[in-house]
Amino acid sequence: MTTLDDPKVATLLARLHTAARGDARHFLRAAPSMALAFIRGGAPLEALKPYLKEAFIPVEPDAGRFLYVAARAIGARRIVEFGTSFGVSTIYLAAAVRDNGGGEVIGTELEPSKRERALANLAEAGLADCVDVRLGDAMETLARDVAEPIDLLFLDGWKELYVEILELLTPRLRPGALVLADNVRTFKKTLAPFVARVRSGHGFASTTLPFTSGLEVAVRIGDEI
């Protein structure tokens, strides 16, 4: 039996995914502000920010299962996650680390209330000992005290920062490390530079998996192809 099959973990994940269906109301509330920002030539995503404090914005259940399977497949013992939110994806990743024999998931979250709820969810899942969720700007929290090598990097935070986070952590990724990036279809235009980077022929081989939001899967293969 895997950690994901543990009744307390499975029940918790089902409850969190059900609760996340309520995210739609936050996006509906944000729609007028985002539309106005677009009309004025501003950044719609910036207008969305104030409405996200209570939004889960988790991976889909099948994508979460893929995170677990991918981490198990490469024997990941050190995982970095950009964008912890309420800790749904973190549970999948921490379960993989636990089942791989132990290790650590280093998460990062900008919103204090979200971090607290993520920690509570991880404690309920019995996985708190596998996770370090850092509070603050990821460009600062992930710039220090992240031991090498990183086996897997999961990007699911603020979309404009994907490339910057990737460049920050690429030197610490081991050969064969995976970089998984969510929402490359949902935010196709915003994440086009990231997709171009991992498909540039320098250091990564990459493809998009057909989850609804679009999950980019890149493998670290060195400085050059």
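Our subject is the structure that appears above.
Quick caveat, the model's predicted, so the values are computed rather than measured.

Reading guide: rules and limits
- Residues numbered from 1 in each chain as written.
- Predicted model: local features only at pLDDT ≥ 70, side-chain atom pairs only at ≥ 80, totals over all residues.
- Heavy atoms only, no water.
- Salt bridge = Lys/Arg side-chain N within 4 Å of Asp/Glu carboxyl O.
- Helix = DSSP H or I, 4+ residues; strand = E, 2+ residues; numbered from the N terminus.
- Polar contact = N/O pair within 3.5 Å; in protein donor to acceptor, adjacent residues only side chain to side chain.
- Contact = heavy atoms within 4.5 Å.
- Expected span 1.5 Å × (residues − 1).
- Buried < 20%, exposed > 50% of the residue type's maximum accessible area, 1.4 Å probe, protein only.
- Arc of directions from axis to C-beta.

Chemist: Any chance you could break down the pattern of salt bridges for me, citing the residues and the numbers?
Modeler: Once the charged atoms of two side chains with opposite charge are near each other, the side chains can pair. This structure, assessed with the given rule, holds 10 salt bridges. Residue Arg-174 is joined to Asp-151 by a salt bridge in which the shortest nitrogen-to-oxygen separation is 2.6 Å. Note that Arg-174 is positioned in strand 5 (residues 173-182) and Asp-151 in strand 4 (residues 150-155), a separation of 23 residues in sequence. Glu-216 is paired through a salt bridge with Arg-199; the nearest N and O atoms lie 3.0 Å apart. Separated by 17 residues along the polypeptide, Glu-216 in strand 7 (residues 215-220) and Arg-199 in the loop between helix 9 (192-198) and strand 6 (204-209) bring together distant segments of the chain.

Chemist: Summarise the side chain of Thr-108; cite the residues concerned and give the values.
Modeler: Positionally, Thr-108 belongs in strand 2 (residues 104-109). A polar contact is formed between the side chain of Thr-108 and the side chain of Thr-141, at a distance of 2.8 Å. Aside from chain neighbours lying at most four places away, what touches Thr-108 is Glu-81, Phe-82, Gly-83, Thr-84, Arg-134, Gly-136, Ala-138, Thr-141 and Leu-142.

Chemist: Which residues make up helix 1 (residues 7-20), and what values go with them?
Modeler: Here helix 1 spans 20 Å end to end across 14 residues, near enough to the 20 Å set by a 1.5 Å rise per residue. Every buried residue belonging to helix 1 is among Val-9, Leu-12, Leu-13, Leu-16, His-17 and Ala-20, and all of these are buried. The arc that holds every buried residue of helix 1, seen down its axis, measures 130°, which confines them to one face. Away from its buried face by more than 90 degrees, helix 1 exposes Pro-7 and Thr-11. For helix 1, the N-terminal capping position is held by Asp-6, with its side-chain oxygen 3.0 Å away from the main-chain nitrogen of Lys-8.

Read these as layout, nothing more, since geometry by itself doesn't imply function.
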